[in-house]
Amino acid sequence: MDKLIKQMEVIMKELERSISLMNVGESEQILQALYNTKRIFLAGSGRSGLAIRAFANRLLHLGKAVYIVGDITTPSIQAEDILFIGSGSGETAGLIVNAKKAKQSGAKVILNTTNSQSTLGKLADYMLLINVDNKETDTDLMESSIQPMGSAFEQLSLLLYDAIVLEWVATFNETYDDMKLRHANLE
């Protein structure tokens, strides 16, 4: 077990180093946009999609109407809505199609990515930039990860999404008791 603890410590140091390089300059505008919109649509593929689903769950607990793109109960996106995308590469074809459709509908696009110059980066109205390698890039501009493919991005995404939730609670006087009342009771 000591070997596993040592690996976890290495991962934590890597994540701490990457956090210090993150660009969340638009975080206040993003928080306000999420708070002020009625409906939030969320999209991501693979493990980034799993992270975005966890975020969707917390946004639901905060009282928002949230929809996962591709689920059968997801309605059409409208001008007053937000599409929040998690994509390390910013080049996932299906997510690009969704972002273009959202923009054509007049919705705003928020992107969490490692690649501000990507196709999705150019479509986004707001961006959260995590400076780590993703599965398609490995440049001197990014922090190199010892982990396979996009693991560091996915882990940092979960931390970032939880930080948004904590900031929401602090900024908008939400309580954990209120959130708990919105937790699923049919499980």
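Residues numbered from 1 in each chain as written. Predicted model: local features only at pLDDT ≥ 70, side-chain atom pairs only at ≥ 80, totals over all residues. Heavy atoms only, no water.

Once that is clear, we can look at the packing of aromatic side chains. One pass over the full model with this rule turns up 7 aromatic pairs. Ring geometry for Phe 41 versus Tyr 67: centroids 5.2 Å apart, planes at 35°, classification tilted. Here the residue Phe 41 occupies a position in strand E1 (residues 39-44), and Tyr 67 occupies one in strand E2 (residues 65-68), the gap between them amounting to 26 residues. A ring pair is formed by Phe 84 and Tyr 161, whose centres lie 5.7 Å apart and whose planes are at 80°; its orientation type is edge-to-face. Linking Phe 84 in strand E3 (residues 82-86) with Tyr 161 in helix H6 (residues 151-171), this pair joins segments that are 77 residues apart in sequence. Each member of the pair, Phe 84 together with Tyr 161, is buried. Counting every residue linked through ring pairs, the aromatic cluster contains Tyr 35, Trp 168 and Phe 172. (Phe/Tyr/Trp six-rings, centres within 6.5 Å; stacked < 30°, edge-to-face > 60°. Helix = DSSP H or I, 4+ residues; strand = E, 2+ residues; numbered from the N terminus. Buried < 20%, exposed > 50% of the residue type's maximum accessible area, 1.4 Å probe, protein only.)

The subject of this paragraph is the sheet that holds E3. The strand order E2-E1-E3-E4-E5 describes an open sheet built from 5 strands, whose pairing is parallel. The two strands at the open ends of the sheet, each matched to only one other strand, are E2 and strand E5 (126-129). Neighbour-to-neighbour, the strand axes of this sheet turn through a mean angle of 20°, independent of strand direction. Relative to E5, strand E4 (residues 108-113) is paired through 4 bridges, and the arrangement is parallel. Residue Asn 112 lies in a different strand from E5, and its bridge partner there is Leu 128. (Pairing = 2+ DSSP bridges. Axes fitted to C-alpha atoms, helices over the stretch in contact; angles between N-to-C directions.)

Attention shifts here to the packing of helix H1 (residues 2-19) against H6. At a closest axis distance of 11 Å, the pairing of H1 and H6 adopts a crossing angle of 70°. Considering their axes alone, H1 and H6 lie roughly perpendicular with respect to each other. Considering only the axes of H1 and H6, their crossing is right-handed. Residue-level inspection shows Ile 11, Glu 14, Leu 15, Ser 18 and Ile 19 of H1 in contact with H6, the latter providing Ala 152, Gln 155, Leu 156 and Leu 159. (Parallel < 35°, antiparallel > 145°, perpendicular 65-115°, else oblique. Left-handed = near helix turned anticlockwise from the far one by under 90°. Contact = heavy atoms within 4.5 Å.)

A residue-level look at the protein chain finds 91% of positions with pLDDT of 70 or above and a mean pLDDT of 89. In the model, residues 138-142 has pLDDT below 50 throughout and makes 6 contacts with residues more than four positions away in sequence or in other chains. (pLDDT = per-residue confidence, 0-100.)

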